[in-house]
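Secondary and tertiary structure notes
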Amino acid sequence: MTIVIVTILFVGFCLISTERLTNINKTAVAIFIGTLGWMLYIGNGREYIMEQHPEEYMIFLGGESSSGSMIKQFIAQNIFLKYVGKASEIVLFILATMTIVEILQNNGCFDFISQYLRTHNSKKMLWVLSVFTFVLSANLDNLTSTVMVLTMMHAVVRNRRQRMLLGCAVVISANCGGMLTVIGDPTGLVLWNNGLVTATNYSLSLALPCLAAWCLPVWWIGRSLPERLDTEWITMPYRGDDANLKVWQKVLMFVVGIGGLWFIPTFHNITKLSPFIGALCVLAILWVVNEIVNRRSIDTSDIVQRRVPRALQYGVIQMILFVMGIMLVVGVVRETGAIADFTSFLDKNINNIWVIGFFSGVVSSFLDNFATAMSMISLREVDIMTPFQFMIPNEVSPYIQNGLYWKVIAYASAAGGNILCSGSMSGLALMKMERLHIGWYVKNISWKVVAGFLLGFIIMMILCI
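Just so you know, these numbers come straight off a predicted model, no measurement behind them. Residues take numbers from 1 onward in each chain, read along the sequence in its written order. Note on the predicted model: pLDDT of at least 70 is required for a residue's local features to be given, and 80 or more for side-chain atom pairs to be given and counted; whole-chain, interface and lining totals, by contrast, use all residues. Computation of side-chain values: all heavy atoms of the structure, hydrogens and water removed.

1. Some words on the overall build of the chain
When helices and strands are counted, the chain shows 23 helices and 0 strands. Any residue under 20% of the maximum accessible area for its type is buried, any over 50% is exposed, and the rest in between are partly exposed; the area is computed with a 1.4 Å probe on protein chains only. For the chain, with 465 residues in total, the buried portion stands at 55%. Contacts are residue-level and defined by heavy atoms, with any inter-residue pair within 4.5 Å sufficient. Put simply, of all contacts in the chain between residues at least 6 apart along the chain, 79% involve residues at least 24 apart. By element, 65% of the accessible surface of the chain is carried by carbon and sulfur atoms, the whole surface being about 20,500 Å². Think of it this way: any DSSP run of H or I at least four residues long counts as a helix, any run of E at least two long counts as a strand, and we number them from the N terminus. Surface exposure here means Shrake-Rupley accessible area, sampled with a 1.4 Å probe, where a residue is shielded only by the protein chains that are shown.

This is the structure:
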């Protein structure tokens, strides 16, 4: 049964990496293999329980005789719910940030960026879009940031080739910005939520590699743009009852929403509660502020007229389900013991973090950056080091909290996801919006991204020497 479950994982990952060829949605594949894996696991539960959790199961029985019903009950309550809980924490965080974005977007809090797009200068347009996306993605999820900026850019730039080049810069900026913080990307969220990294140490360690992987390809893309862009001025979008908000009210909501997200790491350190609780708290406060500033203009007949991009809603819902599916399938493979066997194989044959990291970057380019990162993160458990071991540098494990392994995997999977446009949800959003083909991306963008990826990888190696 273990071979069957691992085979399902392998076939599922192959379908995910070839989504553009098969036209089978990778979110549907992730959900299917996740649910199927657990159904097969619970069907062979007795063998797995006695191998992996014999002591816990005996305590659960409490002297009663074992039966098929008791085994299924133990798996459902003591094993399955653990992975559902971990996945739900990430999903609820993304859901909260998505709602925060929706409130800010509906109130015109991001409209100021449209004013900076009123230019024909390609370099100014490129860096305004890139910097805004990078900063926004560091605070929100990268897919949300990408869809928002691409929507604004699409309304301004009329030339399709110019939109494709600028869109590629936006995707690179979103993925690199997301990797910079623990709240900007699902991978960082998983690492932080599981206690593998701390927020400040994670961001400081990845700052220079992240900037290198971002700035070099974006600068190179700028050299392919003409000096003057084919743009058209746009009017501010109609927002129904939100049109009466004053500038200071929009600024207030922006500060509450984005500033609140910055406070989440501090909230987590103080309370030790899951980060999604902090995100929900920020959402609640922003919601109250929204009701207050709109108290004179909101009525029930106007609320339904509020304009929310369908691409944003649909894309984020897909990402939420994809994250849930991947975490479930990785969890069931771990419970079979297959991951422990593979880890032992790596320790005997490829016990080098940099080689594994480089391999992760290559795989994430055609699979998916989150699926790759979760697969590599699941190979290891966090090590607990003694004070004596910390005094000897050579004895410090790369798998401790804030260890090198977690950061290398996070960087390699995120930056590697930019090598091919299909390596991330953000890239797929660009492909759908601009009808961009993989061949064009490989010819014009991939080698620039590879140069940035390698530069950041080398910087990371130098900093760790």
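2. Some thoughts on helix H1 (residues 2-17)
A helix is expected to span 1.5 Å for every residue after the first. The first and last C-alpha atoms of H1 sit 23 Å apart over 16 residues, in line with the 22 Å expected at 1.5 Å per residue. Within the sequence span of H1, burial applies to Ile5, Ile8, Leu9, Gly12, Phe13 and Ile16. Along the axis of H1, the buried positions cluster into a sector of 130°, meaning they face one direction only. Exposed and oriented more than 90 degrees from the buried face of H1 are Ile3 and Phe10. By definition, the arc is the one covered by directions from the helix axis to the C-beta atoms.

3. Let's talk about the pattern of salt bridges
A pairing counts as a salt bridge when a side-chain nitrogen of Lys or Arg comes within 4 Å of a carboxyl oxygen of Asp or Glu. By the definition in use, this model includes 6 salt bridges. A salt bridge links Lys82 to Glu335; its shortest N-O distance comes to 3.8 Å. Of this pair, Lys82 sits in helix H6 (residues 68-106) while Glu335 sits in helix H16 (residues 310-336), and the two are 253 residues apart along the sequence. Relative accessible area serves as the criterion here: at 42%, Lys82 is assigned to the partly exposed category. Note on Glu335: relative accessible area 4%, which makes it buried. Notably, a salt bridge pairs Glu434 with Arg163, separated by 3.0 Å at the nearest N-O pair. Here Glu434, found in helix H22 (residues 425-434), pairs with Arg163, found in helix H10 (residues 160-180); they are 271 residues apart in sequence, far enough to count as distant.

4. Some words on helix H23 (residues 438-464)
Side chains of residues three or four places apart in an α-helix project in the same direction, reflecting 3.6 residues per turn. The axis of H23 is deflected most strongly, by about 50°, at Ile445. All of the buried residues along H23 are Trp440, Tyr441, Asn444, Ile445, Ser446, Lys448, Val449, Gly452, Phe453, Gly456, Phe457 and Met460. As for H23, its buried residues are in contact with H10, helix H12 (199-224), helix H18 (353-366) and helix H21 (404-416). Note on bend: the value at a residue is the angle between axes fitted to the seven residues ending there and to the seven starting there.

5. Observations regarding the side chain of Ser145
In this fold, Ser145 is placed in helix H9 (residues 142-156). By relative accessible area, which is 0% here, Ser145 ends up buried. Filtering out sequence-adjacent residues up to four positions away, Ser145 remains in contact with Thr133, Leu136, Ser137 and Leu140.

6. Side note on the packing of H18 against helix H19 (residues 369-377)
What counts as an axis is a line fitted to C-alpha atoms, over the stretch in contact for a helix, and the angles between N-to-C directions run from 0 to 180 degrees. In contact at an axis separation of 8 Å, H18 and H19 are set at 150° when each is read in the N-to-C sense. Relative to H19, the element H18 is oriented roughly antiparallel. At the point where H18 passes H19, the crossing takes the right-handed sense. In this structure, H18 uses Ile356, Ser360, Val363 and Ser364 to contact H19, whose residues at the interface are Asn369, Thr372 and Met376. Note that Gly is not counted as nonpolar here; it falls among the polar residues with everything else outside the nonpolar set of Ala, Val, Leu, Ile, Met, Phe, Trp, Tyr, Cys and Pro and the charged set of Asp, Glu, Lys and Arg. Split into classes, the residues belonging to the contact of H18 with H19 amount to 3 nonpolar, 4 polar and no charged. Each angle is binned into one of four classes, with values under 35 degrees roughly parallel, values over 145 roughly antiparallel, values of 65 to 115 roughly perpendicular, and all other values oblique. Handedness of a crossing is defined here by the sense of rotation of the near helix relative to the far one, left-handed for an anticlockwise turn of less than a right angle and right-handed for a clockwise turn.

7. Side note on a nonpolar patch on the surface
In this scheme, patches are assembled from residues that exceed 30% relative accessible area and form no salt bridge. Like charges are connected within 9 Å, while nonpolar side chains (Val, Leu, Ile, Met, Phe, Trp, Tyr) are connected within 5 Å. A surface patch of nonpolar side chains, amounting to about 520 Å² of accessible area, comprises Phe358, Val362, Phe366, Leu454, Ile458 and Ile462. Taken together, the elements giving at least two residues each to the nonpolar patch come down to H18 and H23. Considering the arrangement of structural elements, one finds Val362 in helix H18. A relative accessible area of 37% means that Val362 is categorised as partly exposed.

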